[in-house]
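Structural overview
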Amino acid sequence: MIEFEKKIVHVLDCEHNNCILSEKCMDEEYEEILKVLNSKTEKVFHSSARKLGTFQEMSICKKMLQQWKNENINFETFSQQLAQYIFDKKMELAQYHTSDLVIAVIVYENRRYLLILDNACVKGITHNVSNDEGYIKTEIIPYRALISTTLSKKDCAVLIELSDESIYCVENNVEIEAEKVNFYADIILQSSIIPSYKENIKNITKLTEALTEKYDLDEVSIVPKLKSLVVDNISSNTPIQIDEIADEVFMNQPLAKDEFKSELKKQGVPKEIAVENVKPTRSEKVQKIKTDKGIEIIIPVDYMNSKEFVEFHTQPDGTISIQLKNINHISSK
């Protein structure tokens, strides 16, 4: 359970070059609001897109943080300085969307964190009631400052563990000067980050598919085997070892195995990938097969390499037959 010790909200209206800094923390809020803040914060701990990082020594944000931790400034002043810094950087780098910036101190599993939750405002429709020449008048109007109830693609969320200043960051890349960057991790925090589980698995999967095609290997066997290994590691909460993946997936294929390991090293994928708090996605648990006739079959990866359930036969004329076995019931969806 997440406990909020204090929280403050600043408005970063970059669209109109207006930074509105609060001077006091939020009072106790509605249960619905606390539920949203809890939900978004929990996703930083459990998201497969979470990046881990550490401050670089010259980080301006780190110096601000230490000023507050050393009690040279209070929390409200620290949050104002940080919000103004974020706003200035957004204006400088043409990130002109409006957002509500929540800065909070939270406690989770007996550890204290600084939360930075940049909620991108979204458009919606509401009503407005007015008195028009003595008559009550209700109009449907557009509204541009709504907050999503879940962590959206445009939101950014950062947690900084206050004892060791380790960083947890969830954000999508933005384009600045024709280059894809992490706005918070790279520019605001000035941190060195490790690619997220999601990024690492994406790189591993794309490379596996490319090497399967390059070395003319059996894609129907190779890709499900990779997925099955990943799901097994997640289920047992065991870090994914690149060397073990290479040995299993490219067994008896030394050239593909060596290229797999060397290419991942170039891409910055670590030799050990943590799976703590990661849940396998549906695409990792199933394999979709599409034939040249347009037939699509979705099979759990655990069954793909088991002849007890699925079997592939190559006919003398070169065509392929797929046999599904031990089926007790078929339904139409």
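Keep in mind the model is a prediction, meaning the values are calculated, not measured.

Glancing now at the packing of helix H6 (residues 219-235) against helix H7 (residues 242-249). Contact geometry of H6 with H7 gives a least axis separation of 10 Å together with a crossing angle of 145°. Crossing handedness for the pair H6 and H7: right-handed. Taken together, the residues of H7 that come into contact with H6 (itself represented by Ile 222, Lys 225, Leu 226 and Leu 229) are Ile 245, Glu 248 and Val 249. The residue makeup of the contact of H6 with H7, split by class, is five nonpolar, no polar and two charged.

With that out of the way, let us pick up the confidence of the model for the protein chain. Residues shown with low pLDDT carry predicted positions that ought not to be read at fine detail. Across the protein chain, the average pLDDT comes to 88, with 99% of residues at or above 70. Here helix H9 (residues 282-285) is the element of the protein chain with the lowest mean pLDDT, 70, and helix H3 (residues 75-92) is the one with the highest, 97.

As a further point, take a nonpolar patch on the surface. Together, Val 122, Tyr 143 and Leu 146 make up a nonpolar patch on the protein surface, roughly 230 Å² of accessible area in all. Residue placement: Tyr 143 occurs in strand S6 (residues 135-147).

With that out of the way, let us pick up the side chain of Ser 191. Relative to the elements of secondary structure, Ser 191 occurs in strand S11 (residues 191-194). Beyond its immediate chain neighbours, meaning those up to four positions away, Ser 191 contacts Thr 54, Phe 55, Gln 56, Ile 167, Ala 185 and Asp 186.

Let's shift gears to the nonpolar core. Counting residues in each nonpolar core, the largest one holds 37 residues, and the members touching the most others are Trp 68, Phe 78, Ile 86, Leu 114, Ile 116, Ile 160 and Tyr 184. For this core, the elements supplying multiple residues, two or more each, are strand S1 (3-13), helix H2 (60-69), H3, strand S4 (98-108), strand S5 (111-132), strand S7 (156-161), strand S8 (166-170) and helix H4 (183-188). Counting residues per element, this core draws most heavily on H3, which supplies seven residues. Among all residues touching Leu 114, those that are not within four sequence positions of it are Leu 65, Trp 68, Phe 75, Phe 78, Ile 103, Ala 104, Val 158, Leu 159, Ile 160 and Leu 162. Judged by nonpolar contacts, the second largest core, of 24 residues, contains Ile 204, Leu 226, Ile 245 and Ala 256.

Turning to a negative patch on the surface, a few remarks are in order. There is a patch of like negative charges on the surface, built from Glu 209, Glu 213, Asp 218 and Glu 219. With respect to the element layout, Glu 213 can be found in helix H5 (residues 197-214). A relative accessible area of 68% means that Glu 213 is categorised as exposed.

This paragraph deals with the pairing of strand S14 (residues 286-290). Inspection of the sheet shows S14 paired to strand S15 (residues 296-300) by five bridges, in the antiparallel sense. Following the sheet pairing, Lys 290 is matched in S15 by Glu 296. Between S14 and the antiparallel strand that follows it, S15, lie five residues; Gly 294 among them carries a positive phi value of about 90°.

Take the environment of Asn 182 next. Looking at the element boundaries, Asn 182 is found in the loop between strand S10 (179-181) and H4. Considered as a pair, Asn 182 and Glu 171 are 11 residues apart in the sequence and their alpha carbons are 7.0 Å apart. Asn 182 has contacts with Lys 51, Glu 171, Asn 173, Ile 187 and Ile 193, leaving out every residue within four places of it along the chain.

With that out of the way, let us pick up H5. Given 3.6 residues per helical turn, the α-helix brings residues three or four places apart onto the same face. Along its 18 residues, H5 runs 26 Å from first to last C-alpha, staying within 8% of the 26 Å computed at 1.5 Å per residue. Of the residues making up H5, those classed as buried are Tyr 197, Asn 200, Ile 201, Ile 204, Leu 207, Thr 208, Leu 211 and Thr 212. Seen end-on, H5 carries its buried residues on one side only, within an arc spanning 135°. Across H5 from its buried face, at more than 90 degrees, point the exposed residues Lys 198, Lys 202, Lys 206, Glu 213 and Lys 214. Of the residues trailing H5, Asp 216 is marked for its positive phi of about 55°.

Calculation criteria
Residues numbered from 1 in each chain as written. Predicted model: local features only at pLDDT ≥ 70, side-chain atom pairs only at ≥ 80, totals over all residues. Heavy atoms only, no water. Axes fitted to C-alpha atoms, helices over the stretch in contact; angles between N-to-C directions. Helix = DSSP H or I, 4+ residues; strand = E, 2+ residues; numbered from the N terminus. Left-handed = near helix turned anticlockwise from the far one by under 90°. Contact = heavy atoms within 4.5 Å. Nonpolar A, V, L, I, M, F, W, Y, C, P; charged D, E, K, R; others polar. pLDDT = per-residue confidence, 0-100. Patch = residues over 30% accessible without salt bridge, like charges linked within 9 Å, V, L, I, M, F, W, Y side chains within 5 Å. Areas by Shrake-Rupley, 256 points an atom, 1.4 Å probe, with all protein chains shown as cover. Salt bridge = Lys/Arg side-chain N within 4 Å of Asp/Glu carboxyl O. Core = buried A, V, L, I, M, F, W, Y, C linked by side-chain atoms within 4.5 Å. Buried < 20%, exposed > 50% of the residue type's maximum accessible area, 1.4 Å probe, protein only. Lys, Arg positive; Asp, Glu negative; His and termini not counted. Charge placed at Lys NZ, Arg CZ, Asp CG, Glu CD. Pairing = 2+ DSSP bridges. Expected span 1.5 Å × (residues − 1). Arc of directions from axis to C-beta.

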